[in-house]
Amino acid sequence: MSSVGAAGIGVLGSAFNPPHLGHLALAQEALWQLGLEEVILMPTGSAPHKRIADDPGRELRLAMTRLAAADDSRFTVSTLEVEREG
């Protein structure tokens, strides 16, 4: 079964340190390739597999991600990982 044209929601997780055009290009490509209605950008709180270099903190990374997503109504930002422990 093909996923093209199937309306849905995608999730793009990253440290977003900082969010950049590559993140937005990935999200836009997912919208197009997978026929999604929305992509949720989910900044990590604490990366379990690596140390986030020069981490400005989860709240600042969340704020930067919100700014990066602000110009496209198909992008939303989740606080789930930022708000949880670990």
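The paragraphs below set out a description of the structure included in this document. (Residues numbered from 1 in each chain as written. Predicted model: local features only at pLDDT ≥ 70, side-chain atom pairs only at ≥ 80, totals over all residues. Heavy atoms only, no water.)

### Some remarks on the pattern of salt bridges
Next up, step 1: Applying the stated rule across the entire model yields three salt bridges.
Next up, step 2: The salt bridge partner of Arg-61 is Asp-55, with a shortest N-O separation of 2.8 Å.
Next up, step 3: On the basis of relative accessibility, which here comes to 0%, the residue Arg-61 falls in the buried class.
Next up, step 4: For Asp-55, a relative accessible area of 34% puts it in the partly exposed group.
Next up, step 5: A salt bridge links Asp-72 to Arg-74; the nearest nitrogen and oxygen atoms lie 2.7 Å apart.
Next up, step 6: Judged by its relative accessible area of 14%, Asp-72 is buried. (Salt bridge = Lys/Arg side-chain N within 4 Å of Asp/Glu carboxyl O. Buried < 20%, exposed > 50% of the residue type's maximum accessible area, 1.4 Å probe, protein only.)

### Some points on the nonpolar core
Next up, step 1: Leu-12, Phe-16, Leu-24, Ala-27, Leu-31, Leu-36, Val-39, Leu-41, Ala-69 and Phe-75 form the largest nonpolar core, which has ten residues in total.
Next up, step 2: Put simply, the parts of the chain that give this core at least two residues each are α1 (21-34) and β2 (38-43).
Next up, step 3: For this core, the element with the highest residue contribution is α1, accounting for three residues.
Next up, step 4: Filtering out sequence-adjacent residues up to four positions away, Ala-27 remains in contact with Leu-12, Val-39, Leu-41 and Phe-75. (Core = buried A, V, L, I, M, F, W, Y, C linked by side-chain atoms within 4.5 Å. Helix = DSSP H or I, 4+ residues; strand = E, 2+ residues; numbered from the N terminus. Contact = heavy atoms within 4.5 Å.)

### What about the sheet that holds strand β3 (residues 75-77)?
Next up, step 1: One open sheet holds the three strands; their spatial order is β1-β2-β3, and the pairing between them is parallel. Edge positions in the sheet fall to β1 (9-14) and β3, since each has one partner strand and no second. Ignoring which end each strand starts from, the neighbouring axes of this sheet average 25° apart.
Next up, step 2: Summarising the sheet, β2 and β3 pair through three bridges and their orientation is parallel. Across the sheet, residue Val-39 finds its bridge partner in β3, namely Phe-75.
Next up, step 3: The sheet contacts of α1 involve β1, β2 and β3, and relative to β2 the element is tilted by about 145°. (Pairing = 2+ DSSP bridges. Axes fitted to C-alpha atoms, helices over the stretch in contact; angles between N-to-C directions.)

### Overview of helix α2 (residues 58-69)
Next up, step 1: Counted at 1.5 Å a residue, the expected span for α2 with its twelve residues is 16 Å, and the 16 Å between its end C-alpha atoms agrees.
Next up, step 2: Summarising the contacts, the buried residues of α2 are in contact with β2, β3 and α3 (80-83). (Expected span 1.5 Å × (residues − 1).)

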